[in-house]
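Analysis of the macromolecular model
Next come the chains, spelled out residue by residue.
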Amino acid sequence: MTSNMKKLLAGSALAAALVASFAGALYAQDKPVIATVVKISGIPWFDRMNTGVEAYQKANSDVVATQSGPATADAAQQLQIIQDLIAKGVNALAVVPMDPAVLEGTLKRAMDRGIVVVTHEADNQTNTNADVEAFDNADYGKALNVRLAECMGNKGKWTTFVGSLGSRTHMQWVGAGEENAKQHPDMELVDPNNESFDDANATYEKAKEILRKHPDIKGFQTSAGNDVLGVGRAIDEAGLSGKVCLVGTGLPNPSADLLESGAITAIGFWDPQKAGMAMNALAKLLLEKKEVTDGMDLGVEGYNKVSVKKGPGTGLLVVGNGMVLADKANYKEHLF
Amino acid sequence: MARTGAQLAMLLGINAVLLVVGALISQGSFLSLFNLQSMASQVPEIGLLAIGVMLAMCAGNGGIDLSGIALANLSGVVSAVIVSSMISASDSETAYSLAFILVAVLAGLAGGVINGLLISRLNITPILCTLGTQMAFTGLAVVVSAGKAVTVGSPALLSSLGNDMVAGIPISFVLFIVVAGLIAAALKFTPYGLWLMLMGTNQKAAVYAGFPKNGVLIATYALSGTLSGLAGVIIAARNVNVKFDYGSSYLLIAILIAVMAGVRPEGGYGRVICVVLSAIALQLMSSLLNFGGLSNFVRDLAWGALLLTFLAVGRYNLTSFIALKTPGTSNSSATPSRTGP
C-alpha cells in the first residue's frame, strides 16, 4: 500500500503545485488590502458592484481592492469567507452582510485585531467602523412620490405596495410617500400597503384585483424589486400603459421592456457600482486614520456630500445621496 | 482491512498536501498560528453534523439525516428564547451559559428521538422522514423566533467556548475532537457499535439474529440529533446570534464530508477519524481558495472533483490498479477490498 499511495500522493502534489503557481501569482502583495465581501457572487447586482471595486482599484493603485462572495446565499458561507480573510491578514473589510446579526461576533473579532470594517445595507450593524447607506430612506420615498404626483397631475386615486409589513425600509419609503402626497389634496390614497412578498406573479394578481376594484385608479407606488414588474404587467395587459402611473423600486435591465411600453413610469434604485466604490473610499480614509466628517466628499458620484451620524454601535452611519430615478428616456445609461 | 487503511492514508496525505500548498502560495502565512486557529474554529459546526450523517448512513437501509442543520438552528433558537426568558444573561453569566447549553443539547436530543421513532416505529424511509422533520424543525424555529435573529449574547462561559483557546487550540475544536473520540470509542468498544454496523450490513439478518433493531435506530438518530444540538451551541457561541436559516448550505456539505470519508451510503461501514480528517480537508481547501483569492465557485468545483476522486478510488480500487503495474509490491493491496454484499 505504501508505494502506490506515494505515487498517488505524488500525482496530487503535482496537480496542487500547478494550482499553487496559479494562485501564488494572485497572492504576492504588500500594499494595504481592502477586501469587499458581498452577499452572493455571480448575480447581476453584485457583478455590478464588482465593476465599482475594479474601477476603484484602477483609480487607487496604492491599495489592493478585491471582491469576493459566497457561491450560495447562505450567511454561514459569507461568515467563513470573512474569517479566512481576517486570518489572511487583510487591512480592511467592506462587507454587504447577508444577515447583519450573524456577522456581529466575527466583525467584532476583526475590529479587535485592528481591521477596519465598513458595511453597507446594514444600518443596524453594531460592530462596524462605518456603515454606508446610499440614501436617506425618507428622502427616497419622497422622491418616488414626487415623481408619481407629477405623472398623475397631482390628482386621482393611488395606492402603495410593500414587500411585507415587517420590512422596515419599505414602510419608511411608503410612509414618506404618503407624507408628500398630503400636499396635494386631490390625491386620494386607497387600500394602501399591499404586501407583495417580492413575488412578481402575486403582485400581478393583486394589481389586477385593484384595477378591477378601482377602475379610476391613477397611480401605484411600489417598494420591493419585483413589484414594478408585476404591477407593470397588469397595467400593460389592461391596456392602461401611459394612463396609469407606476413609480417604484426596480432594476433597469428587467424593467426595460415595461419602461419602453410606458407601463412603468419611472424606477428608483441605487447603483451598487457606486456603493462599492464608496465603501472602498471610506475604508481607505479610515485606514489612513483620516476623520470622517459631516458633509465630506468621498469622491464618488452620489456620495459627494455625505451626512455623518453616530450609528447604533460605536461606528458611524454615513448616508449619501446616491438614489437614481430612471425613466424611458434615461434608463439606458444605467443598464445592469 | 486494506481499504480502511488506504482511505485514512489518502485523507492524511490530502491534508498534508493542502497544508504544503497553502504554505507555498501564502509564503507561510497559511501556517501562521492565527490562521490555523481560525480554521480549527470553523471545523466543529460542520464536523459534528457530518458525524451525525455518518451514523445515520451506517444504520443502513437508506439511512441518512437531512435534518441536521435545521435541528441545530432550532436548538439554538429554542434555547435562546426559553433561557433568556428565565435567566438574565447579565446577572448570572455562568448559569445562563450552562442552561443554554443544556437546553440546546436536550432540544437536539428530542429532535433526534423524534426522527428515530418515526423511522423505527412507523417504518418511514429515512430520507423522506428527515426531509419532513427538516422542514418541520425550520418552520418551528421560524415560529419561535418570529423569523428574526435571536440574540444569545456573549456571557463569559459561552463566549470562551466560541472564542478562547486552551493551549493554543480553540476550545470548540477540543470539544469537537473529544466528542468525536467518544463516539469512535462507542462504535468500537460497545455492543451498540457492533449492532449498528452489522445491522447496516444486513438488516434482515440482524433482526433474525435478535438485535434490538428499533433501539439501535432510535439511539442512532438520537445521537445524531444530540450532535446537532451541540453544533447549535457552538454556532451560538461563535456568532452571538442564532437564526433559523443559518447554514442552509451545510446540509449537502455534511453529506459530502461523510462520503469523502469513505462512509458507505449503503450502510455498515464508516470511521469517525476519517470523517474528522475529511472535514478538516474540506476546511483547508476552502480556506486555501479564499487565501488565493479565487472565486467560491472554484471551491465547489474543487470539492466536486475531490469527491469524484474518492468515489473512483473506492469503486474501482485504483490503489491496487496502480500496484499491479508495479511489479514486486505487496499483493495484499491487490485484493479487491470492497466487493460488497
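Residues numbered from 1 in each chain as written. Chains lettered and ligands numbered in written order. Predicted model: local features only at pLDDT ≥ 70, side-chain atom pairs only at ≥ 80, totals over all residues.

1. With respect to the overall build of chain A
Within chain A, the regular secondary structure consists of 10 helices and 14 strands. Reported as C-alpha extents along the three principal axes, the dimensions of chain A are approximately 80 × 50 × 35 Å. By the burial criterion, 51% of the 336 residues in chain A qualify as buried. Restricting the contact set of chain A to residue pairs at least 6 apart, pairs at least 24 apart contribute 70%. (Helix = DSSP H or I, 4+ residues; strand = E, 2+ residues; numbered from the N terminus. Buried ≥ 20, exposed ≤ 12 C-beta atoms within 10 Å, placed from the backbone. Contact = placed C-beta atoms within 7 Å.)

2. Quick look at the overall build of chain B
Within chain B, the regular secondary structure consists of 14 helices and 4 strands. Relative to the globule expectation of 20 Å for 341 residues, the C-alpha radius of gyration of chain B, 21 Å, shows essentially globular dimensions. Along the first, second and third principal axes, the C-alpha set of chain B runs to 70 × 60 × 35 Å. Per-residue burial for chain B yields a buried fraction of 53% across its 341 residues. (Rg over C-alpha atoms; globule rule 2.2 N^0.38 Å.)

3. Examining the domain arrangement of chain A
Bring the parts together and some accessible area is lost; that lost area is often taken as the interface size. Once the domains are mapped, chain A shows domain 1 (28–134 + 272–322) and domain 2 (137–269). Here domain 1 of chain A and domain 2 of chain A have C-alpha centroids that lie 32 Å from each other. (Domains from an automatic or database assignment.)

4. Looking at unusual backbone geometry
Phi at A:Asn193 is positive, roughly 55°, even though this residue is not glycine. With respect to the element layout, A:Asn193 can be found in the loop between strand S7 (187–189) and strand S8 (194–195). Of note, B:Asn123 is a non-glycine position whose phi angle comes to about 55°, a positive value. Secondary-structure assignment places B:Asn123 in the loop between helix H4 (93–121) and helix H5 (126–145).

5. A closer look at the environment of A:Ile217
Residues and elements named next belong to chain A. Mapping Ile217 onto the fold places it in strand S9 (residues 217–222). Sequence spacing of Ile217 and Ala256 is 39 residues, and the spatial spacing of their C-alpha atoms is 24 Å. Once residues within four sequence positions are removed from consideration, Ile217 is found in contact with Lys157, Trp158, Thr159, Val190, Ile210, Leu211 and Val244.

6. Some details on the packing of helix H3 (residues 75–88) of chain A against helix H2 (residues 33–58) of chain B
For the pair H3(A) and H2(B), the least separation of the axes is 9 Å and the interaxial angle reads 165°. Taken together, the axes of H3(A) and H2(B) lie roughly antiparallel to each other. As H3(A) packs across H2(B), the resulting crossing turns out to be right-handed. Contact residues: H3(A) offers A:Gln80, A:Gln83, A:Ile86 and A:Ala87, while H2(B) offers B:Phe34, B:Asn35, B:Ser38 and B:Gln42. Along the lines of polarity and charge, the residues of the contact of H3(A) with H2(B) split into 3 nonpolar, 5 polar and no charged. (Axes fitted to C-alpha atoms, helices over the stretch in contact; angles between N-to-C directions. Parallel < 35°, antiparallel > 145°, perpendicular 65-115°, else oblique. Left-handed = near helix turned anticlockwise from the far one by under 90°. Nonpolar A, V, L, I, M, F, W, Y, C, P; charged D, E, K, R; others polar.)

7. Describing the pairing of strand S1 (residues 33–37) of chain A
Residues and elements named next belong to chain A. Within S1, 5 of the 5 residues are buried, which leaves it mostly tucked inside the rest of the structure. The alternating pattern of S1 places Val33, Ala35 and Val37 and Ile34 and Thr36 on opposite faces, both of which are buried. With 4 bridges joining them, S1 and strand S3 (residues 92–95) adopt parallel strand pairing. Paired with Thr36 across the strands is Ala94, a residue of S3. (Pairing = 2+ DSSP bridges.)

8. Focus on helix H10 (residues 272–287) of chain A
Residues and elements named next belong to chain A. Here H10 contains 16 residues, and its C-alpha end-to-end distance of 22 Å stays within 8% of the 22 Å for a straight helix at 1.5 Å per residue. Summarising burial for H10: 14 of the 16 residues are buried, a large majority. Positive phi appears at Lys289, one or two residues downstream of H10, with a value of about 60°. (Expected span 1.5 Å × (residues − 1).)

9. What about the nonpolar core?
For soluble globular proteins, nonpolar side chains are generally found buried alongside one another. Counting residues in hydrophobic clusters, the biggest one holds 201 residues, and the most contacted among them are A:Leu93, B:Ile257, B:Ala258 and B:Val275. The residue makeup of this core includes at least three contributed by each of domain 1 (28–134 + 272–322) and domain 2 (137–269) of chain A. (Core = buried A, V, L, I, M, F, W, Y, C linked by C-beta atoms within 7 Å.)

10. Examining the environment of B:Glu93
Residues and elements named next belong to chain B. Within the secondary structure, Glu93 sits in helix H4. Since 18 C-beta atoms lie within 10 Å of it, Glu93 is described here as partly exposed. Sequence spacing of Glu93 and Pro155 is 62 residues, and the spatial spacing of their C-alpha atoms is 5.0 Å. Every residue in contact with Glu93, bar those within four places of it in the chain, is listed here: Pro155, Ala156 and Leu157.

11. Brief notes about the sheet that holds strand S12 (residues 307–310) of chain A
All names here are of chain A. Read across the sheet, 7 strands follow the order S2-S1-S3-S4-S5-S13-S12 without closing on themselves; strand pairing throughout is mixed. With partners counted over all chains shown, the strands left at the sheet margins are strand S2 (64–68) and S12, one partner each. On average, adjacent strands in this sheet sit at an angle of 20° to one another, irrespective of strand direction. Across 4 bridges, S3 lies against strand S4 (residues 116–120) in parallel orientation. Counterpart to Leu93 in the pairing with S4 is Val117. Across the sheet, helix H2 (residues 44–59) touches S1 and S2, and the angle it forms with S2 is around 170°. Contacting S1, S2 and S3, H3 crosses the sheet at an angle of about 175° to S1.

12. A look at the confidence of the model for chain A
Residue and element names in this part refer to chain A. With 91% of its residues at a pLDDT of at least 70, chain A reaches an overall mean of 87. Across chain A, S3 holds the top mean pLDDT of 95, while helix H1 (residues 2–27) sits lowest at 51. Segment residues 20–28: pLDDT under 50, and 14 contacts once partners within four positions in sequence are set aside and those in other chains are kept. (pLDDT = per-residue confidence, 0-100.)

13. With respect to helix H10 (residues 213–239) of chain B
Residues and elements named next belong to chain B. Here H10 is 27 residues long and its end C-alpha atoms lie 39 Å apart, about the 39 Å a rise of 1.5 Å per residue gives. Most of H10 sits inside the fold, with 24 of its 27 residues counted as buried. Directly after H10, the chain includes Val240, whose backbone phi takes a positive value near 70°.

14. Observations concerning the confidence of the model for chain B
Residues and elements named next belong to chain B. Overall, the prediction assigns chain B a mean pLDDT of 85, with 91% of residues at 70 or greater. In this model, residues 326–341 is a region of pLDDT below 50 whose contacts with residues beyond four sequence positions or in other chains number 24 contacts. Predicted as a complex, the structure gets a pTM of 0.79 and an ipTM equal to 0.78.

15. Points about the packing of helix H3 (residues 68–86) of chain B against H10(B)
Residues and elements named next belong to chain B. Where H3 contacts H10, the axes come no closer than 7 Å and their chain directions differ by 60°. Taken together, H3 and H10 sit at an angle that is classed as oblique. For the pair H3 and H10, the crossing hand works out as right-handed. Residues Gly68, Leu71, Ala72, Asn73, Ser75, Gly76 and Ala80 of H3 touch H10, and the partners they reach there are Ser224, Gly225, Ser228, Gly229, Ala231, Gly232, Ile235 and Ala236. Grouping the constituent residues of the contact of H3 with H10 by class yields 6 nonpolar, 9 polar and no charged.

16. Let's talk about the environment of B:Gln203
Mapped onto the fold, B:Gln203 is located in helix H9 (residues 203–208). Linking B:Gln203 and B:Asn61, residues 142 residues apart in sequence, is a C-alpha distance of 7.3 Å.

17. Some details on the pairing of S12(A)
Residue and element names in this part refer to chain A. Alignment of S12 against strand S13 (residues 316–319), held across 4 bridges, turns out to be antiparallel. When the sheet's bridge partners are listed, Ser307 is paired in S13 with Val319. Hairpin connection, S12 to S13: the antiparallel pair is bridged by 5 residues.

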